[in-house]
Amino acid sequence: MLEHLGLHEELPEREEITALVREGKTVRAIKVYREATGADLLEAEQAVDRLA
């Protein structure tokens, strides 16, 4: 919903997750995202895909 309103939630681990994606470590990036946000697997996977 935040994205729909043009707002973005700050993600402290965003740089780490982005770096992991660039290194091809998508599974690790999803795990870090889930740990940081409490998101379920599908939500985390979609969020990491958007960062890629």
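Residues numbered from 1 in each chain as written. Predicted model: local features only at pLDDT ≥ 70, side-chain atom pairs only at ≥ 80, totals over all residues. Heavy atoms only, no water.

A. Region of interest: the nonpolar core. Listed in full, the 12 residues of the largest apolar core are L11, I17, L20, V21, A29, I30, V32, Y33, A39, A44, A47 and V48. Taken together, the elements giving at least two residues each to this core come down to helix 1 (14-22), helix 2 (26-37) and helix 3 (41-51). Among the elements that line this core, the one with the most residues is helix 2, at 4 residues. Other than its neighbours up to four places away in sequence, L20 contacts K25, T26, R28, A29 and V32. (Core = buried A, V, L, I, M, F, W, Y, C linked by side-chain atoms within 4.5 Å. Buried < 20%, exposed > 50% of the residue type's maximum accessible area, 1.4 Å probe, protein only. Helix = DSSP H or I, 4+ residues; strand = E, 2+ residues; numbered from the N terminus. Contact = heavy atoms within 4.5 Å.)

B. Representation of the environment of V21. Along the chain, V21 falls in helix 1. Sequence separation between V21 and D49 is 28 residues; the distance between their C-alpha atoms is 8.7 Å. Apart from the residues lying within four places of it in its own chain, the contact partners of V21 are A29, V48 and A52.

C. Region of the structure containing the packing of helix 1 against helix 2. Where helix 1 meets helix 2, the closest approach of the two axes is 7 Å, and the angle between their N-to-C directions is 165 degrees. With respect to helix 2, the axis of helix 1 lies roughly antiparallel. In this structure, the crossing between helix 1 and helix 2 has a hand that is left-handed. Contacts between helix 1 and helix 2 involve E16, I17, L20 and V21 on the former and, on the latter, T26, R28, A29, V32 and Y33. (Axes fitted to C-alpha atoms, helices over the stretch in contact; angles between N-to-C directions. Parallel < 35°, antiparallel > 145°, perpendicular 65-115°, else oblique. Left-handed = near helix turned anticlockwise from the far one by under 90°.)

D. Region of the structure containing the pattern of salt bridges. Per the counting criterion, the structure on display carries 1 salt bridge. Across the pair K25 and E23 runs a salt bridge whose closest N-O atoms are separated by 3.4 Å. Taking the relative accessible area as the measure of exposure, K25 reaches 42% and is therefore partly exposed. (Salt bridge = Lys/Arg side-chain N within 4 Å of Asp/Glu carboxyl O.)

These figures capture arrangement, not role.
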